[in-house]
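# Fold and geometry: a report
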Protein chains: 2
Amino acid sequence: MTQHSRRRFLGTAAASAAALTLPRVARGAGAPDAIVAEIGKRRAESLARLTAWIREPAIAAENRGMEAGCQTMLRLAREAGFEDAARVPTAGHPAVFGTLDAGAKRTLGVYFMYDVKQVDPAEWSSPPFEAALVDKPGFGRVMMGRGAVNQKGPQAAFLAALHAIRGAGHKPPVNLVLIAEGEEEIGSPHFTDAVRRPDVLAALQRCSGVFMPFAAQDPDGTVTVNLGAKGVVELELVASGAKWGRGPALDVHSSNRARLDSPSFHLVQALATLVTPDGDPAIDGFAHAVRRPTAAERALLDAAAARLDEATARRMLQAPRWARDVSWRDALERMAFAPTVNIEGLVAGYTGPGGKTVLPHRATAKLDLRLVPDMTYDGALAALRSHLQKRGFGDVEVNPSGGYDPTTTAADAPLIRAQLAVYERAGLDPVVWPRLAGSYPGHVFTSQPLGLPAGHFGLGHGGGAHAPNEYLVIEPANPRLAGWDGAVRSYVDYLFALATIG
Amino acid sequence: MTQHSRRRFLGTAAASAAALTLPRVARGAGAPDAIVAEIGKRRAESLARLTAWIREPAIAAENRGMEAGCQTMLRLAREAGFEDAARVPTAGHPAVFGTLDAGAKRTLGVYFMYDVKQVDPAEWSSPPFEAALVDKPGFGRVMMGRGAVNQKGPQAAFLAALHAIRGAGHKPPVNLVLIAEGEEEIGSPHFTDAVRRPDVLAALQRCSGVFMPFAAQDPDGTVTVNLGAKGVVELELVASGAKWGRGPALDVHSSNRARLDSPSFHLVQALATLVTPDGDPAIDGFAHAVRRPTAAERALLDAAAARLDEATARRMLQAPRWARDVSWRDALERMAFAPTVNIEGLVAGYTGPGGKTVLPHRATAKLDLRLVPDMTYDGALAALRSHLQKRGFGDVEVNPSGGYDPTTTAADAPLIRAQLAVYERAGLDPVVWPRLAGSYPGHVFTSQPLGLPAGHFGLGHGGGAHAPNEYLVIEPANPRLAGWDGAVRSYVDYLFALATIG
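First, a word on scope: everything that follows refers to the structure included in this document. In this text the structure is predicted, and so the values were computed from the model without any measurement.

### A look at the overall build of chain A
A tally of regular secondary structure across chain A gives 16 helices and 20 strands. The C-alpha radius of gyration of chain A comes to 24 Å, within 12% of the 23 Å expected for a compact globule of 502 residues. Projected onto the principal axes, the alpha-carbon positions of chain A cover approximately 80 × 55 × 45 Å. For chain A, buried positions account for 63% of its 502 residues. Intrachain contacts of chain A at a sequence separation of at least 6 include 79% that bridge at least 24 residues. For chain A, the exposed surface amounts to about 17,000 Å²; the carbon and sulfur share of it is 52%. Between the centroid of the 53 positive side chains of chain A and the centroid of its 51 negative side chains there is a distance of 2 Å.

### Quick word on the relation of the copies chain B and chain A
Between the two chain copies there is a screw-like relation: a rotation about an axis and a shift along it. Between chain B and chain A, the superposition needs a rotation of 180° and an axial shift of 0.1 Å, giving an RMSD of 0.1 Å. Both chain copies can therefore be described as sitting about a two-fold axis. Considering only C-alpha atoms, the part of chain B nearest the rotation axis is B:Val347, at 2.6 Å. Taken as a fraction of all interface residues of chain B, those also at the interface in chain A reach 100%, which identifies the copy contact as same-surface.

### Examining the packing of helix α5 (residues 152–167) of chain B against helix α16 (residues 484–500) of chain B
Residue and element names in this part refer to chain B. The interhelical angle for the contact between α5 and α16, taken along N-to-C directions, is 65°, at an axis separation of 8 Å. The two elements α5 and α16 cross, and the hand of that crossing is right-handed. Residues Gly153, Pro154, Ala156, Ala157, Phe158, Ala160, Ala161, Leu162 and Ile165 of α5 form the contact with α16, whose participating residues are Trp484, Ala487, Val488, Tyr491, Val492 and Leu495. Of the residues belonging to the contact of α5 with α16, the class tally is 14 nonpolar, 1 polar and no charged.

### Comments concerning the packing of helix α10 (residues 295–307) of chain B against helix α12 (residues 328–337) of chain B
Residues and elements named next belong to chain B. Relative to each other, α10 and α12 sit at 130°, their axes nearing to 9 Å. The pairing of α10 with α12 is recorded here as oblique in orientation. Two packed elements cross with a definite hand, and for α10 against α12 that hand is right-handed. Contacts between α10 and α12 pair Glu297, Arg298, Leu301, Asp302, Ala304 and Ala305 from the former with Trp328, Arg329, Leu332, Glu333, Ala336 and Phe337 from the latter. Here the contact of α10 with α12 is built from residues that sort into 7 nonpolar, no polar and 5 charged.

### Notes on the sheet that holds strand β3 (residues 107–113) of chain A
All names here are of chain A. Read from one edge of the open sheet, 6 strands run β1-β2-β6-β3-β7-β18, paired in mixed fashion. What marks the edges here is a single partner per strand, and that holds for β1 (86–88) and β18 (454–457). Here the strands of the sheet are splayed against their neighbours by 30° on average, with no regard to which way each runs. Direction of pairing for β3 relative to strand β7 (residues 210–213): parallel, over a ladder of 2 bridges. Along β7, the bridge assignment pairs Val110 with Phe211. Sheet strands in contact with helix α4 (residues 66–79) are β1, β2 (95–100), β3 and β6 (175–181), and its direction is about 140° off that of β1.

### As for α10(B)
Residues and elements named next belong to chain B. Counted at 1.5 Å a residue, the expected span for α10 with its 13 residues is 18 Å, and the 18 Å between its end C-alpha atoms agrees. Within α10, the full set of buried residues consists of Glu297, Leu301, Ala304 and Ala305. The buried residues of α10 occupy an angular sector of 100° when projected down its axis, which confines them to one face. Every exposed residue of α10 that faces more than 90 degrees away from the buried side is listed here: Ala295, Ala296 and Ala306.

### Considering the pairing of β18(A)
Residue and element names in this part refer to chain A. Because side chains alternate across β18, one face comprises the buried residues Ala454 and His456, and the other comprises Gly455 and Phe457, equally buried. Note that β7 and β18 share 4 bridges and pair parallel. Across the sheet, Phe211 pairs through a bridge with Gly455, a residue of β18.

### Some details on the pairing of β6(A)
Residue and element names in this part refer to chain A. Summarising burial for β6: 7 of the 7 residues are buried, a large majority. Along β6, one buried face is formed by Asn175, Val177, Ile179 and Glu181 and the opposite face, lined by Leu176, Leu178 and Ala180, is buried too. Pairing of β3 with β6, which is carried by 7 bridges, proceeds in the parallel orientation. By the bridge assignment for β6, Tyr111 is matched with Ile179.

### Some remarks on the interface of chain B and chain A
Taken together, the contact pairs 83 residues of chain B with 83 residues of chain A. Of the roughly 7,100 Å² buried between chain B and chain A on both sides combined, carbon and sulfur atoms contribute 55%. Per-residue buried area on chain B facing chain A is highest for B:Arg259, B:Phe265 and B:Leu346; these three make up 11% of the total on that side. Counting across the interface, chain B meets chain A through 2 salt bridges. The partner of A:Arg246 in a salt bridge is B:Asp325, and the shortest N-O contact between them spans 3.3 Å. No other element matches strand β11 (residues 340–349) of chain B, which puts 10 residues into the side of chain B that touches chain A. Alignment of strand β11 (residues 340–349) of chain A against β11(B), held across 5 bridges, turns out to be antiparallel. Within β11(B), the residue paired with A:Gly345 across the bridge is B:Gly349.

### Considering the packing of aromatic side chains
According to the stated counting rule, one finds 30 aromatic pairs over all chains in the structure shown. On the numbers, 5.9 Å between centres and 65° between planes, the contact of B:Tyr111 with B:Phe445 is edge-to-face. Taken as a pair, B:Tyr111 in strand β3 (residues 107–113) and B:Phe445 in helix α15 (residues 443–446) lie far apart in primary sequence, 334 residues in all. Considered together, B:Tyr111 and B:Phe445 belong to a single accessibility category, that of buried residues. Centre to centre, the rings of B:Phe112 and B:Phe158 are 6.2 Å apart; their planes meet at 70°, and the pair counts as edge-to-face. On the criterion of sequence distance, the pair formed by B:Phe112 in strand β3 and B:Phe158 in helix α5 is long-range, its members being 46 residues apart. With a relative accessible area of 0%, B:Phe158 lands in the buried category. Taken together through their ring pairs, the aromatic side chains of A:Phe112, A:Phe158, A:Phe211, A:Tyr423, A:Phe457, A:Tyr491 and A:Tyr494 make up a single cluster. When the ring centre of B:Phe139 is taken as reference, the NZ or CZ atom of B:Lys136 above it lies at 5.0 Å.

### Structural notes on the sheet that holds strand β5 (residues 140–144) of chain A
Residue and element names in this part refer to chain A. Spatially, β4-β5-β20-β19 is the arrangement adopted by the 4 strands of the open sheet, whose pairing is antiparallel. Of all the strands in the sheet, just β4 (132–136) and β19 (462–463) have a single pairing partner and so form its edges. Sheet topology places β19 next to strand β20 (residues 471–476); 2 bridges connect them, and they run antiparallel. Within β20, the residue paired with Gly462 across the bridge is Leu472.

### Regarding the environment of B:Ala348
With respect to the secondary-structure elements, B:Ala348 resides in strand β11. Note on B:Ala348: relative accessible area 2%, which makes it buried. For the pair B:Ala348 and B:Gln205, spaced 143 residues apart in sequence, the C-alpha to C-alpha distance is 47 Å. If sequence neighbours within four positions are ignored, B:Ala348 has contacts with A:Glu344, A:Gly345, A:Leu346, B:Ser264, B:Arg362 and B:Ala363.

### Thoughts on helix α2 (residues 33–41) of chain A
All names here are of chain A. Within the span of α2, buried status applies to Ile35, Val36, Glu38 and Ile39. Across the axial projection of α2, the buried residues extend over an arc of 160°, all falling on one side. What points out from α2, more than 90 degrees from its buried face, is the exposed set Asp33 and Lys41.

### Structural notes on the pattern of salt bridges
Residue and element names in this part refer to chain A. Tallying each qualifying case throughout the model produces 58 salt bridges over all chains. Notably, a salt bridge pairs Arg75 with Glu79, separated by 3.4 Å at the nearest N-O pair. Pair noted here: Arg75 and Glu79 are both in helix α4, with a separation of 4 residues, about one helical turn. Where Arg314 meets Glu310, a salt bridge forms, and the shortest distance between an N and an O atom there is 3.0 Å. Separated by 4 residues within a single helix, Arg314 and Glu310 lie in helix α11 (residues 310–317), roughly one turn from each other. Several salt bridges converge on common partners, so that one network encompasses Glu38, Lys41, Arg42, Glu45 and Arg49.

Cut-offs used in this document
- Residues numbered from 1 in each chain as written.
- Chains lettered and ligands numbered in written order.
- Predicted model: local features only at pLDDT ≥ 70, side-chain atom pairs only at ≥ 80, totals over all residues.
- Heavy atoms only, no water.
- Helix = DSSP H or I, 4+ residues; strand = E, 2+ residues; numbered from the N terminus.
- Rg over C-alpha atoms; globule rule 2.2 N^0.38 Å.
- Buried < 20%, exposed > 50% of the residue type's maximum accessible area, 1.4 Å probe, protein only.
- Contact = heavy atoms within 4.5 Å.
- Areas by Shrake-Rupley, 256 points an atom, 1.4 Å probe, with all protein chains shown as cover.
- Lys, Arg positive; Asp, Glu negative; His and termini not counted.
- Charge placed at Lys NZ, Arg CZ, Asp CG, Glu CD.
- Least-squares fit on C-alpha atoms with pLDDT ≥ 70 in both.
- Axes fitted to C-alpha atoms, helices over the stretch in contact; angles between N-to-C directions.
- Left-handed = near helix turned anticlockwise from the far one by under 90°.
- Nonpolar A, V, L, I, M, F, W, Y, C, P; charged D, E, K, R; others polar.
- Parallel < 35°, antiparallel > 145°, perpendicular 65-115°, else oblique.
- Pairing = 2+ DSSP bridges.
- Expected span 1.5 Å × (residues − 1).
- Arc of directions from axis to C-beta.
- Buried area = accessible area lost by both parts, 1.4 Å probe.
- Salt bridge = Lys/Arg side-chain N within 4 Å of Asp/Glu carboxyl O.
- Phe/Tyr/Trp six-rings, centres within 6.5 Å; stacked < 30°, edge-to-face > 60°.
- Lys NZ or Arg CZ within 6 Å of the ring centre and 35° of its normal.

What follows is the structure in structure tokens.
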């Protein structure tokens, strides 16, 4: 950073101090004033920490920067107070495990991920690993970069909360157990192994629950408490002449299409059987275990539909209508309760500019399948394999790359009640949402042997996860949105709420 | 070339002089002995010309090296005797037009292309633009490079024939008209315009027919005379949220698949309607104009099936069986008489390593449709558009990038009789084949206002057109195959045969 740009950066940060307050948070609610003041004093330090973190991408899918990413995670954990933070080797990229014993009665688990999704820099308006502060019309000043919201931004805000607590001369009001993985974006293939290590498991068994830092606010300020998350299977379907025993086993001139079968059309025909004409899952047996919403869950959906803004959601997605033209209420129910079959990507033959008259010998579809209770990762894969087999596509390779079971957490768990308390004290009247439509490896905590409540928490807003121009709002235009300081403050409040809730 | 490698190259060339003869070609058949001797004397010169040409790729699809490619084409034409060779500007890449007036009675048109197909160098065992001489097991010494067989190799052999004729103190026995284009590999979008230029049209109207230099021999030495070629439409089908009015208009997190339609599945569903479960064309009205083979054509197919080696064809294509498990005879009939729908490539969303949980807003399929008489380029496109429209895929963009109508040439045209005479005098008993399954813009010559016979001619063998490791056999292991000198000789013989045939 040059002298000039540093001065401008600090100037901007100071000038916007007013905008960074959370007007509807009662100052005395949970966190001592000294800590709140410390958050503001450490703003430049904590934003610089986030900036540096975004600038050092660790991308498991590309095996890029992973060792450096793990070392950074270790350093960040130690600096925030997890003094014993240690590397947990796995068969893949290592996890990081640390504890912070504050001598408190209650212990809280914190789940981090230090990897980020891949990027195509050509699609970004600001370089994805620059972490530039830019103006986003209608949103305010945002940090743009891969990981800004998923998940370095919220995680850095949580770390900033710990620095503020210590900086104000306090101890955290709860003990903490940190478990961070480096393979979340590839489906957490080794995270269960890391969590099952005896010392990690023993530490987590002392926890009242496990939470993941999260920017839970919509652009309009609405905040959501999730009572679980969908599961996911990520996989590739590969059709090839060699495996099929039809068509060519190498790319040949397309004139041969007259006498040779096409592995690409074979894949297309297989894919077409996976969904109904309307696009809903049509894999035999895939959705048998789907549990319909309970009366309580339906009530949550009704309340959410009344609270959440359909126009905002459509604008964010640039989507003129929902699948099957369902209502907003039913679109929300589908987000929480409908399993899905999605094509993430298609690759076959020639993919460059113009055409090239080849008959490709191989075609690949990248899919993700989202799961709801009581579906399982293993059950979904078995259903897909059997479906393809039965329809003459048994030769199409099913190559899973990772995923997890869905999760559910009870609304009366202390973890959830503390979240509701913080949001309500902030005047935000949270939407309680039955299930996050995204996926994370929470089942590792909610399933046996741990059987813990698990969820996401945090104020703030961001977008563009897994997409170009990912951002986190730092200085919001909308006063109902928490900016950076508000997000940090929400974690301080959360820890103090958890310490006192029965 | 270093001193050492040059000496080795020349040494190899000299040592293999015996192998380069065409043992079953009667020495006196058509071409004066002095010209035949001149071919051998100019071997290093003519191979160096081909090598240099391959090393300078002109790829219209990537707009790469096109101006240099046109200049080289002009120089090669002038050096070979087309002294008036001139650039013919078009709305795309320029064509090249030249004439060689030998004061002969008959005039022959020659069609060249100076562009080549794209490459993915990672797929090649020898760099595609190095034009290395390598040993290909079972084939002998081959030149490997993009354009080796399609079409610089055969074209350079034809130019070498003209240099040999002049070098031996002769004039070509027929007048020649050269028309070369630079957009063959993108479907010749402006070639008709070039040919319709008054001076070009007038010159072509003086011709008995137009031929394209071609390596017509199979690996076993069998040579084929084609009485036409299939037509082709190259196009992209694009499904997008924006055009569809469903799904997102930008890539979004795949959790939204629960409430949003998928443009990728929309494309998959559209593609699935284009073929039968067996993979044959199912586009409404597409094949209405298909003319069944006549009795004479069926007799040609029967004869070809008895002559051509099925095992060789399967080995070249690494294909264990033909589409619909048809016989060799019917596989050949499909090559000549069946229209096709081929997927050249598929591209949607994330195409890199591993997965990425996005719901892509856009998906593209690159297709080629091969046409037989009496189908037309315009008719095929109209059928496709109407088919998609009728089935609820009217929003899927149909973006043609080029193509042409099919061609037919009568077996008794002088152009064809001269080919048969040369091959028969060479003891090669040619297979007469109703229609090349590949496509070239021959319809520009066969259709009105020219209405000329058109075809391919030339001895020699190569493979890998449009694929990795494209090659032309220079010094064959199989004595029934013409090597470089044999290919050059075949063009000399052809011109002399054409001059004398009634």
